[in-house]
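Structure at a glance
Take a look at the letters that make up each chain.
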Amino acid sequence: MTSPSAEALDWARLSLIAHSDHPLACPFSDETVASILEGLDLPSQPEVLEVGCGRGEWLLRLLRLHPEAVVTGIDRSEAALAVAREAVGRLGFSAAACFEIADAAQAVNGREGRFDLVICAGSTHALGGLDDCLTALVPLLRPGGDLLLADGIWEREPSTEALNGLGCGAGAHRPLSELVETVRDRGLSIQRVLTSDLREWDDYESSWLGSLEDHLREHPDDPDADGIRSLIDSHRVGYFGGYRGVLGFTAVIARAPGRRRS
C-alpha cells in the first residue's frame with residue numbers, strides 16, 4: 001500500500017512504531033500464537049531458525065516455552081534486530097539466541113539439514129514469494145523437522161477495491177487450499193493449519209493505525225509527519241473499504257519426511 005509520500009518513509013522505523021502495541025507483525029491473537037507454539041512437537045534442545053524475524057517476537061515466545069532451545073533470527077532491519085537483542089538480554093536468553101542482519105536468500109545457504117524447526121511468518125517475500133521460499137527453506141530441515149509457514153491467503157476472490165487497498169495483484173496470494181497443496185507438493189506432511197478470524201484482523205489493523213496515530217500526537221514535529229498521516233489515511237481506507245474479509249492469514253505447520261531426533 002502506498003501514499004503520496006510513501007517512497008520517502010523509513011519503513012523499518014514505521015513498522016516498529018506501528019507494531020509497538022502488537023509486536024507480532026501479523027493478524028494473530030496472543031491466544032492463537034500460544035496455541036501454535038504450544039502445539040509444536042519439538043525434540044530436546046531444538047535448533048530453530050526464523051527467516052524475516054523482525055523484532056524476534058516468535059522466537060522470544062518460543063524460548064519462554066523451550067528455554068533449552070537454540071534459536072537464530074535473520075532480518076534486514078538493524079533497528080528491529082536491536083529490539084530483539086535487547087529483549088533476549090532482558091529475559092536472560094542471550095546465550096541461546098543469535099540475531100543476524102542479512103539478506104534471507106544468501107543467509108540460508110550452507111545451513112542445509114540443520115534445524116528442527118524453521119519459521120517464516122509473513123516473510124515469504126524475503127525469499128521471492130511462496131514457491132521460492134519453500135525451495136529455500138525445506139532443505140534446511142532435519143529429518144522429521146517442522147516448517148512453520150504463515151502467509152496471506154485469499155479468503156475469497158479479491159475485488160478491485162481489495163487489490164487497490166493492498167497495492168498488489170491477484171497473484172500475490174493464493175486460496176488456502178492451493179497454499180496447503182503447494183506445501184504438500186514439497187514432500188511435507190501437514191500437521192496443523194490455523195487461520196486468523198475477522199476479529200483478529202480488526203484488532204491487528206486497528207492497533208497498527210492507532211499506534212501511528214499515537215505517535216503523531218506524541219511527536220507532532222516528526223519530520224515524516226505528513227507522510228505518516230497520508231499513510232494512515234490510505235491504509236484505513238484500504239483495509240476497511242477494500243481488503244477486510246478478503247485477505248486472510250494462515251499458519252501451516254508441515255513436517256519433513258524421516259525419523260525425527262528425540
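Residues numbered from 1 in each chain as written. Predicted model: local features only at pLDDT ≥ 70, side-chain atom pairs only at ≥ 80, totals over all residues. Heavy atoms only, no water.

**Remarks on the packing of helix H6 (residues 130–137) against helix H8 (residues 176–184)**
Cut-off, in case you're wondering: All axes are obtained by fitting lines to C-alpha atoms, using only the stretch in contact for helices, and the reported angles, taken between N-to-C directions, cover 0 to 180 degrees. Helix and strand assignments come from DSSP, with helices taken as H or I runs of at least 4 residues and strands as E runs of at least 2, each series counted from the N terminus. Throughout this description, any angle smaller than 35 degrees is read as roughly parallel, any larger than 145 degrees as roughly antiparallel, any in the 65 to 115 degree range as roughly perpendicular, and the remainder as oblique. Should the near helix be turned anticlockwise from the far one by less than a right angle, the crossing is termed left-handed; should it be turned clockwise, right-handed. We call two residues in contact when some of their heavy atoms are within 4.5 Å. Residues are grouped as follows: Ala, Val, Leu, Ile, Met, Phe, Trp, Tyr, Cys and Pro are nonpolar; Asp, Glu, Lys and Arg are charged; all remaining types, including Gly, are polar.
Between H6 and H8, whose axes approach to 11 Å, the crossing angle comes to 30 degrees. Considered as vectors, H6 and H8 are oriented roughly parallel to each other. For the pair H6 and H8, the sense of crossing is right-handed. Contacts between H6 and H8 pair Leu130, Asp131 and Leu134 from the former with Leu179, Thr182 and Val183 from the latter. Here the residues of the contact of H6 with H8 are counted per class, giving four nonpolar, one polar and one charged.

**Quick notes on the packing of helix H2 (residues 30–38) against helix H3 (residues 57–65)**
Between H2 and H3, whose axes approach to 10 Å, the crossing angle comes to 55 degrees. Relative to H3, the element H2 lies oblique. In this structure, H2 meets H3 at a crossing whose hand is right-handed. Contacts between H2 and H3 pair Asp30, Val33, Ile36, Leu37 and Glu38 from the former with Trp58, Arg61, Leu62 and Leu65 from the latter. The residue makeup of the contact of H2 with H3, split by class, is six nonpolar, no polar and three charged.

**Describing H2**
Keep this limit in mind: Each residue gets one of three labels from its accessible area relative to the maximum for its type: buried under 20%, exposed over 50%, partly exposed in between, using a 1.4 Å probe on protein chains only. The arc refers to the directions leading from the helix axis to the C-beta atoms.
Those residues of H2 that sit buried are Thr32, Val33, Ile36 and Leu37. Down the axis of H2, the sector holding all buried residues measures 130 degrees, keeping them to one side. Exposed and facing more than 90 degrees away from the buried side of H2 are Glu31 and Glu38. Against the buried residues of H2 lie H3, strand E5 (141–154), strand E7 (189–195), helix H9 (198–218) and strand E8 (247–255).

**With respect to the environment of glutamate 181**
Inclusion rule: In protein, a polar contact means a hydrogen-donor-capable atom and an acceptor-capable atom, both N or O and within 3.5 Å, with residues adjacent in sequence counting only if both atoms are side-chain atoms; elsewhere, any N or O pair within 3.5 Å suffices.
Structurally, glutamate 181 is set in helix H8. The exposure class assigned to glutamate 181 is partly exposed, which follows from its relative accessible area of 38%. Sequence spacing of glutamate 181 and leucine 231 is 50 residues, and the spatial spacing of their C-alpha atoms is 36 Å. Among the polar contacts listed, one links the side chain of glutamate 181 to the side chain of arginine 184, at a separation of 3.3 Å.

**Notes on the environment of glycine 241**
Here glycine 241 lies in helix H10 (residues 225–243). Overall, the relative accessible area of 52% leaves glycine 241 in the exposed class. Separated by 146 residues in the primary sequence, glycine 241 and alanine 95 have C-alpha atoms spaced 46 Å apart. With near-sequence residues (within four places) excluded, glycine 241 lies in contact with Glu161 and Arg236.

**Digging into the packing of aromatic side chains**
So the rule is basically this: Each pair of aromatic rings taken from Phe, Tyr and Trp, with Trp reduced to its six-membered ring, is defined by centres within 6.5 Å and is described as stacked if the planes are under 30 degrees apart, edge-to-face if over 60, and tilted in the remaining cases.
Counted according to the given criterion, the structure contains six aromatic pairs. Relative to tyrosine 204, the ring of tryptophan 201 lies with its centre 6.3 Å away and its plane at 80 degrees, an arrangement referred to as edge-to-face. Here tryptophan 201 pairs with tyrosine 204, and both are found in helix H9, just three residues apart, close to one helical turn. For tyrosine 204, a relative accessible area of 10% gives the class buried. Ring centres 4.8 Å apart and planes at 70 degrees place the aromatic pair tyrosine 239 and phenylalanine 240 in the edge-to-face group. Given the relative accessible area of 44%, phenylalanine 240 is considered partly exposed. An aromatic cluster is built from Trp201, Tyr204, Tyr239, Phe240 and Tyr243, whose rings are joined through pairwise contacts.

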